[in-house]
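Residue strings, one per chain:
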Amino acid sequence: MSRQAGEKKPRIAVLGAGNWGSTVAHMIGANGYPVSLWCRSEKQREEINTHHTNTRYLEDTRLSQNITATNDLEEAIVGAPLIFVVIPSKSFREVVRAMGEVLRPSQFVIHATKGIESRTHLRMSEVLLQETCALQFGVLSGPNIALEMCQGKPAGTVIASEFPRVIEAGRSALVSEQLRVYANTDVVGVELGGTLKNVVAIAAGMLSALDLGENAKALLITRGLSEIARIGVALGADPMTFAGLAGIGDLMVTCSSPLSRNHRVGAALAKGMKLDEAVEKLGMVAEGVNTAKVVHSIAERHRLDVPLLESVYRALHENLTPAEGIRELMQLSSRYDIDRALQGH
């Protein structure tokens, strides 16, 4: 995707017009790139093209006028040298399977989905490789609250790929005075950091709703990071990745911000709401609900000790109350402060 001076910027495709997909499209459009934003809803397409807003997800935030929304997947993909896939994990395979019918091996693909497929326990990059001819791909992840970024507030993010050209193409599209874009080669670690933190964020929402204080939140974040690293290392990640933006950075913001979807689900549960009610009230996908189930299975298969993540799973799916979960966790025996998984190999 390299360009000569004065050359017209290429069109970039973004698949998925939820709050994060729309934000990615907006950031790219604000950098002067024409953007094709694919969405399913004709009403949403009409709103974006006519009013440059996506009020369901981003309130009255004005989106870049360089965005053109379309319901035609082929129209969005064909001719775009770089494609961002920002689809919830439960629909990811269906969309990339359709994408695979028109994708060419020369096109770069970067996904920004923080989830694991519930049926197969595959990461999104693994699903992408199963369903398409994509050869050069990467993942975008980091502490990125969508609404804040659409409002022009500063942030940093990570693009991980084994292919330097993919990282440079993604960086060129996204980097600005508002957004710093860092590189990483650990696709597994960056995918898992962004995915597993959603489970800890649900616990953080419970703590906030129960008004248990900042000390408890610090305990939650640090022990949560240890358990994330434990699972990550078992699945092939570099433990140092969890010390970066896609690890502790993403974990901190999602555990601290009431704008986080998973945080809001946890807070609703702590206030006595049923899970179905909390998800329905949210009106958006909270990936941590599904991820908690997947983590439960992975921990069992690999015989991993992850009591915090296990408690969130039981609170979501086995009627453990948040107060009971906290009481159980505080009665566990304490061992080393720094987890061996974070000490490198």
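The sections below set out a description of the structure shown in this document. Worth saying up front: this structure is predicted, and the values here are computed from it rather than measured. (Residues numbered from 1 in each chain as written. Predicted model: local features only at pLDDT ≥ 70, side-chain atom pairs only at ≥ 80, totals over all residues. Heavy atoms only, no water.)

Scanning the protein from terminus to terminus reveals 16 helices and eight strands. On C-alpha atoms alone, the protein measures out to a radius of gyration of 20 Å, which is about the 20 Å that the 2.2 N^0.38 rule sets for 345 residues. Expressed along its principal axes, the backbone C-alpha trace of the protein runs to roughly 65 × 45 × 35 Å. The buried share among the 345 residues of the protein stands at 55%. Expressed as a percentage of contacts within the protein between residues at least 6 apart in sequence, the contacts between residues at least 24 apart total 72%. In the structure as shown, the protein presents an accessible area of about 15,700 Å², 50% of it carried by carbon and sulfur atoms. With 36 positive and 37 negative side-chain charges, the protein shows a separation of 1 Å between the mean positions of the two kinds. (Helix = DSSP H or I, 4+ residues; strand = E, 2+ residues; numbered from the N terminus. Rg over C-alpha atoms; globule rule 2.2 N^0.38 Å. Buried < 20%, exposed > 50% of the residue type's maximum accessible area, 1.4 Å probe, protein only. Contact = heavy atoms within 4.5 Å. Areas by Shrake-Rupley, 256 points an atom, 1.4 Å probe, with all protein chains shown as cover. Lys, Arg positive; Asp, Glu negative; His and termini not counted. Charge placed at Lys NZ, Arg CZ, Asp CG, Glu CD.)

Here the focus is the pattern of salt bridges. Going through the model one piece at a time under the given rule, you end up with 11 salt bridges. In this structure, Glu117 engages Arg93 in a salt bridge whose closest nitrogen and oxygen atoms are separated by 2.8 Å. With Glu117 in the loop between strand 5 (108-111) and helix 6 (124-131) and Arg93 in helix 5 (residues 89-99), the pair connects residues that are 24 residues apart, well separated along the chain. Taking the shortest distance from any N to any O, the salt bridge between Arg314 and Glu328 comes out at 2.8 Å. Here the residue Arg314 occupies a position in helix 15 (residues 307-317), and Glu328 occupies one in helix 16 (residues 322-330), the gap between them amounting to 14 residues. You can call Arg314 partly exposed: its relative accessible area is 24%. What emerges from the salt-bridge pattern is a single network uniting Arg93, Arg97, Glu117 and Glu131. (Salt bridge = Lys/Arg side-chain N within 4 Å of Asp/Glu carboxyl O.)

Here we come to the pairing of strand 7 (residues 155-160). Burial of strand 7 is extensive: five of the six residues sit out of reach of the surface. As judged from the three bridges shared by strand 6 (residues 137-141) and strand 7, these two strands associate in the antiparallel manner. What sits directly across from Val139, in strand 7, is Ala160. At this point the chain moves from strand 7, through helix 8 (residues 164-174), to the parallel strand 8 (residues 179-184), and the crossover so formed is right-handed. (Pairing = 2+ DSSP bridges. Right-handed = clockwise from strand over helix to strand, strands pointing away.)

So, on to the packing of helix 14 (residues 287-302) against helix 15. To characterise two packed helices, one gives the angle between the axes of the helices and the distance between these axes. Their axes nearest at 9 Å, the elements helix 14 and helix 15 cross at an angle of 120°. In terms of orientation, helix 14 and helix 15 fall into the oblique class. Pair helix 14 / helix 15 crosses with left-handed handedness. Every residue of helix 15 that contacts helix 14 at Gly288, Val289, Ala292, Lys293, Val295 and His296 is listed here: Leu309, Glu310, Tyr313, Leu316 and His317. For the contact of helix 14 with helix 15, the residue count by class is six nonpolar, three polar and two charged. (Axes fitted to C-alpha atoms, helices over the stretch in contact; angles between N-to-C directions. Parallel < 35°, antiparallel > 145°, perpendicular 65-115°, else oblique. Left-handed = near helix turned anticlockwise from the far one by under 90°. Nonpolar A, V, L, I, M, F, W, Y, C, P; charged D, E, K, R; others polar.)

Turning our eyes to something else, we now look at the packing of helix 9 (residues 187-209) against helix 11 (residues 245-256). Interaxial distance between helix 9 and helix 11 falls to 9 Å at its minimum, and their mutual angle equals 25°. Classified by the angle between their axes, helix 9 and helix 11 sit roughly parallel to one another. In this structure, helix 9 meets helix 11 at a crossing whose hand is right-handed. Here Val190, Gly193, Gly194, Lys197, Val200, Ala201 and Ala204 of helix 9 lie close against helix 11, whose contacting residues are Ala246, Asp250, Leu251, Thr254 and Cys255.

Strand order in the open sheet made by the eight strands is 3-2-1-4-5-6-7-8, with mixed pairing throughout. Across the chains shown, the open sheet's two edge strands, defined by having one partner strand only, are strand 3 (67-70) and strand 8. Adjacent strand axes in the sheet meet at a mean angle of 25° when their direction is disregarded. Note: strand 7 against strand 8, six bridges, orientation parallel. Bridging across to strand 8, Ala155 finds its partner in Leu179.

Now for the nonpolar core. Side chains of a nonpolar character, in soluble globular proteins, are inclined to be buried together. Judged by nonpolar contacts, the single largest core of 42 residues is most densely connected at Val200, Leu220, Ile231, Leu251, Val265, Leu309 and Leu316. Here this core gets 10 residues from one element, more than from any other, and that element is helix 9. Core analysis: the second largest hydrophobic core is formed by 36 residues, Ala17, Val35, Leu58 and Met149 among them. (Core = buried A, V, L, I, M, F, W, Y, C linked by side-chain atoms within 4.5 Å.)

Attention now moves to helix 15. Side chains three or four residues apart in an α-helix point the same way, a direct result of the helix having 3.6 residues per turn. Looking only at helix 15, the buried set comprises Leu308, Leu309, Ser311, Val312, Tyr313, Ala315 and Leu316. Looking at the buried residues of helix 15, the elements they touch are helix 9, helix 10 (213-234), helix 12 (261-270), helix 13 (275-282), helix 14 and helix 16. Of the residues one or two after helix 15, Asn319 is the one with positive phi, at around 65°.

Turning to the side chain of Gln44, a few remarks are in order. Structurally, the position occupied by Gln44 is in helix 2 (residues 42-51). The exposure class of Gln44 is buried, given its relative accessible area of 14%. The contact partners of Gln44, leaving out residues within four places of it in the chain, are Ala17, Cys39, Asn54 and Tyr57.

Further remarks concern unusual backbone geometry. Backbone geometry places Glu59, a non-glycine residue, at a positive phi of 50°. Within the secondary structure layout, Glu59 lies in the loop between helix 3 (55-58) and strand 3. Positive phi, normally seen in glycine, also occurs at Asp211, with a value near 55°. With respect to the helices and strands, Asp211 occurs in the loop between helix 9 and helix 10. The exposure class of Asp211 is exposed, given its relative accessible area of 68%.

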